[in-house]
Amino acid sequence: GVQETRSPISLVYGSGAQTDEVYFSWKEDRLYELPMSWLHPHQEWGTGGFDVLGSGDFSRPMNPRCIECHNTWLEHIPGTPNEYRPETLIAGVTCEVCHGPGKEHVSFHERNPEQTEPMHIVRPSELTRSLQMDLCAYCHSNSLKHRGPAFSWRPGKPLAEFYKTLATRNPEDDHVANQTSYLLQSKCYQKSDDLTCITCHDPHAARAL
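Notes on the structure in this doc start here. (Residues numbered from 1 in each chain as written. Predicted model: local features only at pLDDT ≥ 70, side-chain atom pairs only at ≥ 80, totals over all residues. Heavy atoms only, no water.)

Bringing the pattern of salt bridges into the picture now. Opposite charge on two side chains permits pairing when their charged atoms draw close. Considering all chains together, one arrives at six salt bridges under this definition. Notably, a salt bridge pairs arginine 123 with glutamate 126, separated by 3.4 Å at the nearest N-O pair. Overall, arginine 123 belongs to the partly exposed group, its relative accessible area being 28%. Judged by relative accessible area, glutamate 126 falls into the exposed class, the value being 58%. Taken together, the shared-partner salt bridges connect Glu117, Arg123 and Glu126 into one network. (Salt bridge = Lys/Arg side-chain N within 4 Å of Asp/Glu carboxyl O. Buried < 20%, exposed > 50% of the residue type's maximum accessible area, 1.4 Å probe, protein only.)

Our focus in this paragraph is the pairing of strand E3 (residues 30-39). With seven of its ten residues buried, E3 lies for the most part within the structure. As paired strands, E3 and strand E5 (residues 60-61) are joined by two bridges and run antiparallel to one another. Within E5, the position partnered with glutamate 33 by the bridge is arginine 60. Relative to strand E4 (residues 44-47), E3 is paired through four bridges, and the arrangement is antiparallel. Residue pairing in the sheet places serine 37 in a bridge with glycine 46 of E4. The hairpin turn running from E3 into E4, its antiparallel successor, is four residues long, and glutamine 43 in that turn takes a positive phi close to 55 degrees. (Helix = DSSP H or I, 4+ residues; strand = E, 2+ residues; numbered from the N terminus. Pairing = 2+ DSSP bridges.)

Once that is clear, we can look at the packing of aromatic side chains. Using the criterion set out here, one finds seven aromatic pairs in the structure. Between tyrosine 13 and phenylalanine 24 the ring centres are 4.4 Å apart and the planes differ by 50 degrees, which places this aromatic pair in the tilted class. Note that tyrosine 13 is positioned in strand E1 (residues 11-13) and phenylalanine 24 in strand E2 (residues 20-27), a separation of eleven residues in sequence. Taken together, the ring pairs connect Tyr23, Trp38 and Trp45 into an aromatic cluster. Lying across the ring of tyrosine 138, arginine 65 places its NZ or CZ 5.0 Å from the centre. The aromatic ring of tyrosine 163 is capped on one face by arginine 65, whose charged end is 4.2 Å from the ring centroid. (Phe/Tyr/Trp six-rings, centres within 6.5 Å; stacked < 30°, edge-to-face > 60°. Lys NZ or Arg CZ within 6 Å of the ring centre and 35° of its normal.)

Looking now at the side chain of threonine 72. Mapped onto the secondary structure, threonine 72 falls in strand E6 (residues 71-73). The exposure class of threonine 72 is buried, given its relative accessible area of 12%. The residues touching threonine 72, leaving out its near neighbours within four places in the chain, are Ile90, Gly92, Val93, Thr94, Glu96, Val97 and Phe151. (Contact = heavy atoms within 4.5 Å.)

One can find valine 97 in helix H2 (residues 96-99). The exposure class of valine 97 is buried, given its relative accessible area of 15%. Separated by 82 residues in sequence, valine 97 and glutamine 179 have C-alpha atoms that sit 18 Å apart. If we ignore the near neighbours within four places in the chain, the residues touching valine 97 are Asn71, Thr72, Tyr138, Trp153 and Pro155.

Everything listed here is a matter of coordinates, which is why it stays silent on function.
Put into structure tokens, the structure is as follows:
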């Protein structure tokens, strides 16, 4: 007969980009990527047979590096591949990803409403060009191997202190991987003193579909 398994959809990645949707499910405090994806360009389902010799449901553990790029915060249990504290999740890419933790910023301005100068927050325009590039490289590069705990990097800190970037010999046909490295190699970047990713891309504008 037909073998079936049921999993609740807890998180969805990619629905706003109209490329594909990837689904995730919690099993107690462990997060897994489900094997089914919805492919918007083709208007049909796709499958990925993960963990074919494992539990039988073909899901795969969702590692912290993927979580970091799609969410603002989720407390990871050190020493585990995919165990987290679900109640700590701050879903999606919020202001804090590029501007740093905002608790002190909000608290200060609530106490001092007359103060119009942003306080206790990272202002990317005041960072060096290298550190501005690191804001984008956090997710748009091959900085994949942690040098410390997940979610420990903060805007304004050199990314290389927190991640090891994997080197590739050939260009990657991908909408995310290694984009900042390619920009650094370009003549436009090398002949400019201030060109960065946001010279052409507005991080505050909604992505055109």
